[in-house]
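Results of the structural survey
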Amino acid sequence: IAHSSFTRNRSVGGGGALYHTSSSLTVSNSLFQSNKGTDGGAINHNSNSTGTIINSVFSGNEGNSGGALYVTGNALDVINTTIAGNKANDGGGIFENLATYPVKLKNSILWGNSASSAANGPSIYPVTGNPDVKQSIIENGYASGTNILN
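First, a word on scope: everything that follows refers to the structure included in this document. (Residues numbered from 1 in each chain as written. Predicted model: local features only at pLDDT ≥ 70, side-chain atom pairs only at ≥ 80, totals over all residues. Heavy atoms only, no water.)

What follows covers the nonpolar core. Membership of the largest hydrophobic core comes to 23 residues, with the highest contact counts inside it found for Ile 43, Phe 58, Leu 69, Ile 83, Ile 94 and Leu 105. Looking at this core, the elements that each hand over two or more residues are β3 (24–28), β10 (69–71) and β11 (76–79). Beyond its immediate sequence surroundings of up to four residues, Ile 43 is in contact with Gly 15, Leu 18, Phe 32, Ile 53, Phe 58, Ala 68, Leu 69 and Tyr 70. (Core = buried A, V, L, I, M, F, W, Y, C linked by side-chain atoms within 4.5 Å. Buried < 20%, exposed > 50% of the residue type's maximum accessible area, 1.4 Å probe, protein only. Helix = DSSP H or I, 4+ residues; strand = E, 2+ residues; numbered from the N terminus. Contact = heavy atoms within 4.5 Å.)

This paragraph deals with unusual backbone geometry. Residue Ser 34 is not a glycine yet carries a positive backbone phi of 60°. Here Ser 34 is to be found in the loop between β4 (31–33) and β5 (36–39). Although it is not a glycine, Asn 107 adopts a positive phi angle of roughly 50°. Relative to the assigned elements, Asn 107 resides in the loop between β15 (104–106) and β16 (109–111).

All right, on to the sheet that holds β4 then. Strand order in this open sheet of 6 strands is β1-β4-β8-β12-β16-β20, and the pairing throughout is parallel. With partners counted over all chains shown, the strands left at the sheet margins are β1 (5–7) and β20 (137–138), one partner each. Here β16 runs beside β20; their pairing, made up of 2 bridges, is parallel. In the sheet register, Leu 110 faces β20, and the bridge partner there is Ile 138. (Pairing = 2+ DSSP bridges.)

Note that Ser 65 resides in strand β9 (residues 62–65). Residues contacting Ser 65, with those up to four places away along its chain left out, are Thr 38, Asp 39, Gly 40, Tyr 70, Ala 88, Asp 90 and Phe 95.

So, on to the pattern of salt bridges. Across all of its chains, the model carries 1 salt bridge by this definition. Across the pair Lys 134 and Asp 132 runs a salt bridge whose closest N-O atoms are separated by 3.1 Å. You can call Asp 132 partly exposed: its relative accessible area is 27%. (Salt bridge = Lys/Arg side-chain N within 4 Å of Asp/Glu carboxyl O.)

Take the packing of aromatic side chains next. Scanning the entire structure with this criterion turns up 4 aromatic pairs. Look at Phe 6 and Phe 32: their rings are 4.7 Å apart centre to centre, the planes differ by 5°, and that puts the pair in the stacked class. One end of the pair, Phe 6, is in strand β1; the other, Phe 32, is in strand β4, with 26 residues separating them in the sequence. Side by side, Phe 6 and Phe 32 carry an identical accessibility label, which is buried. An angle of 5° between the planes, with centres 4.7 Å apart, marks the rings of Phe 32 and Phe 58 as stacked. Of this pair, Phe 32 sits in strand β4 while Phe 58 is found in strand β8 (residues 57–59), placing the two residues 26 residues apart along the sequence. Under the relative-accessibility criterion, Phe 32 is labelled buried at 0%. Through pairs of rings, three or more aromatic residues link up here, namely Phe 6, Phe 32 and Phe 58. (Phe/Tyr/Trp six-rings, centres within 6.5 Å; stacked < 30°, edge-to-face > 60°.)

Here is the structure:
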């Protein structure tokens, strides 16, 4: 998926704009704005999946778990991407439940996301494991993590 815009989509299940399972996905130079889904306001990255999100923006999305991204699949790399102004009960920006393959964030910004409480991860809520974060800015750090990023 390249140079695309997903705006004001709704889903009663996973992923307001996109439900991804059992395959490989690359999203580049795309916008996900004002989408709403139960697990993943914008994208649900589910079992047996790998993916890369690069040079994209997630803004104003809403989900019960994962305002922008709900990640329970295999590896997901998020590179040069802004995740801002999203909200959820758990993981305002990203909800992650991967002990073996943590989400990898590189050169990305997570800012202005909100969760029902600070303990539920306004930016990232890692249920198991911890995300691999490099050269990124995360407002308020992340649940079980710190503000100090490598």
